[in-house]
Amino acid sequence: MDTTTWDVIVVGAGAAGLAAARLLQDAGLNVCILEARDRIGGRIWTTNDFADFPIELGAEFIHGERAATYGLISEAGLHAVEVDRKGGLFWSDGGKAIPCRQSCYETCFLIDKLFNAQRHLDDQSVAGGDRSLADYLRGSGFDRRALEIADVLLAQTCCASVETLSCADLIREIRVDHAGTREFRILEGYAPLLNWMAESLPLMLNSPVHKITWGDGVRVQTESHTYEAQQCIVTVPAALLQQNTIRFDPALSANKQHALAALRTEAATKLIYRFDTSYWDGAMTLLAHMGTVARWWTPAYGRPDGQPIISSYVTASRARAVDALSEPHALALGLRELERLLGVHNLEPHLIHARRVAWAADPYALGGYTHVPPGAADARLLLAASEGDTLFFAGEATAYDTNPQTVHGAIESGWRAARECLATVRTHG
Ligand SMILES: Cc1cc2nc3c(=O)[nH]c(=O)nc-3n(C[C@H](O)[C@H](O)[C@H](O)COP(=O)(O)OP(=O)(O)OC[C@H]3O[C@@H](n4cnc5c(N)ncnc54)[C@H](O)[C@@H]3O)c2cc1C
């Protein structure tokens, strides 16, 4: 078995790993990234095969005008288009969806109240101990219908159910959020941003790591190779660490095990359809209802040349229901719900192409992204903590000081772990 020696090995070439490796390389360290897949990006996956413009099979939006991602896209020479999802929301209570702001005042008012209630969570909200968002909303007087709407519009985004989202973790996030509220898509797609981040980084693709021996330096093992380094940054999804896909010797600390046991990663699935022509209002940025395939949007929004593509993104129990079906059945279910929402009969003859992307079935993701259930609000901080001065952790799940569940949170976590590495390297020196 070959052995190669580096200053730092980064495991995983997603947003966190690339951000960490770039910072370390810029600081003059000899860095190597080991990536299990045959591509970089992880839960960012852009395809140019579905349409004449890039379609995001994973992460799609930049959440916030001050998000780290937003800053990087101008450095990379890329462009963003703003998407006001709430402003262009079309809602359906059963039949054809109507523009929420113009025609469904009551629901619109309720949605605003729900968003405000979530935004104004504070220590008082968990005075009696941490509780789920659902319990908090119930305690604030919201009825069952309101909770179902909150499940679609608030919890689905968090890859969770209202019943399993920790208020204490949401409060943590409100406190550290510095990204802003506006949302954008990258016109050129996320992939060029990651390619730019990966430029000149030593990268080993098709290299799943299965063992890390750590203590006095690290030995990182793949099937065919052992890499030695002073330090290692692990950025693989928490769901993979939970499944022990990487064996650590010695085992990770009790705190780390506690954090891993607490975090949850739910299913996350996209159903993407391309039609012969557009069957929806051009002003629509979000289409939602309380069905199974609950949320839809139009990736071509804001592009003059955009083809008629509509994409649904569901998580948690809705994604599990869609994943339980065969791909043709799942796509047929989505199409039936879409026909109802758009008030159009028999869209099938107009369908050019459709595709399901089920992240729970992806062996290097095992789901969407992490959420924290009630009572475990310290999990992200504990997962982020280093093990001694050799083993460091990054990735969206560890983004305790910014927005987890996001690309910018992953990037910032990579920078944080890289700075921790550098601090100990300097101490050694
Ligand atoms: C469907 C979907 C939609 C999303 N939408 C958005 C959105 O609109 N906006 C947003 O900001 N965020 C969104 N996210 C979340 C965002 O994609 C993630 O938070 C972010 O990309 C995570 O980056 P990461 O580096 O932490 O993890 P990953 O991207 O998962 O990177 C980890 C890397 O580790 C690799 N790996 C795994 N195991 C091993 C191993 N044993 N050895 C070596 N390598 C390994 C993986 O292949 C992967 O490349 C979405 C996620 C999904 C799934």
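Nothing here was measured: the structure is a model prediction, and the numbers come from that model.

J.: Explanation requested: the packing of helix α4 (residues 105-119) against helix α6 (residues 144-155) in the structure shown.
T.: Angle between the axes and distance between the axes are the two parameters that describe a pair of packed helices. Between α4 and α6, whose axes approach to 10 Å, the crossing angle comes to 70°. Taken together, the axes of α4 and α6 are roughly perpendicular relative to one another. Both α4 and α6 take part in a crossing whose hand is right-handed. Where α4 abuts α6, its residues Thr107, Leu110, Ile111, Leu114, Phe115 and Gln118 lie against Arg145, Ala146, Ile149, Ala150, Leu153 and Leu154. Of the residues assigned to the contact of α4 with α6, the class counts are nine nonpolar, two polar and one charged.

J.: It is not clear to me how the pattern of salt bridges should be interpreted in this structure. Could you clarify?
T.: A side chain with one charge may pair with a side chain of the opposite charge, provided their charged atoms come close. Taken as a whole and assessed by the stated rule, the structure comprises 19 salt bridges. Across the pair arginine 145 and aspartate 93 runs a salt bridge whose closest N-O atoms are separated by 2.9 Å. Of this pair, arginine 145 sits in helix α6 while aspartate 93 sits in the loop between β7 (89-91) and β8 (98-99), and the two are 52 residues apart along the sequence. Owing to a relative accessible area of 51%, aspartate 93 belongs among the exposed residues under this scheme. In this structure, aspartate 169 and arginine 172 form a salt bridge, with 2.8 Å as the shortest nitrogen-oxygen distance. Taken together, the positions of aspartate 169 and arginine 172, both in helix α7 (residues 167-176) and three residues apart, correspond to about one turn of that helix. Given the relative accessible area of 5%, aspartate 169 is considered buried. Arginine 172 sits in the buried class, given a relative accessible area of 14%. Linked through salt bridges whose partners overlap, the residues forming this network are Glu60, Arg185 and Lys270.

J.: What is the right way to read the sheet that holds strand β6 (residues 80-82) from this model?
T.: Adjacent strands of a sheet pair through backbone hydrogen bonds, lying either parallel or antiparallel. Spatial strand order, β5-β9-β6: three strands in an open sheet with antiparallel pairing. Pairing within the sheet leaves two strands with one partner each, and these edge strands are β5 (61-63) and β6. Each strand axis lies, on average, 35° off the axis of its neighbour in the sheet, ignoring direction. In terms of strand pairing, β6 meets strand β9 (residues 183-186) through three bridges, oriented antiparallel. In the strand pairing of β9, valine 81 is matched with arginine 185.

J.: Would you mind going over unusual backbone geometry with me for this structure?
T.: Keep in mind that most residues, glycine aside, have a negative phi and that most peptide bonds are trans. The peptide bond linking aspartate 249 to proline 250 adopts the cis configuration, its omega dihedral lying at 0°. Its location among the elements puts proline 250 in the loop between β14 (247-249) and α10 (254-262). If you check the backbone angles, cysteine 159 has positive phi at about 55° while not being a glycine. You can call cysteine 159 buried: its relative accessible area is 0%. Positioned with a positive phi, serine 200 is a non-glycine residue whose angle comes to about 65°.

J.: I would appreciate a short explanation of the packing of helix α2 (residues 68-75) against helix α8 (residues 190-198) in the present structure.
T.: One can describe the packing of α2 onto α8 by two numbers: an axis separation of 10 Å at closest approach and a directional angle of 75°. Comparing the axis directions of α2 and α8 gives the class roughly perpendicular. On α8, the residues that touch Thr69, Leu72, Ile73 and Glu75 of α2 are Tyr190, Leu193, Trp196 and Met197. Taken together, the residues of the contact of α2 with α8 break down into six nonpolar, one polar and one charged.

J.: Help me out: how do you make sense of the site of the ligand in this one?
T.: For the ligand, the set of nearby residues contains 38 residues, the closest of which are Glu35, Arg43, Phe61, Glu396 and Val407. Within the backbone of glycine 41, a nitrogen or oxygen atom sits 3.5 Å from an oxygen atom of the ligand. A distance of 2.8 Å separates an oxygen atom of the ligand from a polar atom in the backbone of phenylalanine 61. When the free accessible area of the ligand is taken as 1,000 Å², the share hidden by the protein chains comes to 98%. For the shell around the ligand, the elements supplying multiple residues, two or more each, are α1 (15-26), β5 and α14 (407-428). Classifying every residue of the shell around the ligand by side-chain character gives 21 nonpolar, twelve polar and five charged.

Reading the values: the criteria
Residues numbered from 1 in each chain as written. Predicted model: local features only at pLDDT ≥ 70, side-chain atom pairs only at ≥ 80, totals over all residues. Heavy atoms only, no water. Axes fitted to C-alpha atoms, helices over the stretch in contact; angles between N-to-C directions. Helix = DSSP H or I, 4+ residues; strand = E, 2+ residues; numbered from the N terminus. Parallel < 35°, antiparallel > 145°, perpendicular 65-115°, else oblique. Left-handed = near helix turned anticlockwise from the far one by under 90°. Contact = heavy atoms within 4.5 Å. Nonpolar A, V, L, I, M, F, W, Y, C, P; charged D, E, K, R; others polar. Salt bridge = Lys/Arg side-chain N within 4 Å of Asp/Glu carboxyl O. Buried < 20%, exposed > 50% of the residue type's maximum accessible area, 1.4 Å probe, protein only. Pairing = 2+ DSSP bridges. Near = heavy atom within 4 Å. Polar contact = N/O pair within 3.5 Å; in protein donor to acceptor, adjacent residues only side chain to side chain. Areas by Shrake-Rupley, 256 points an atom, 1.4 Å probe, with all protein chains shown as cover.

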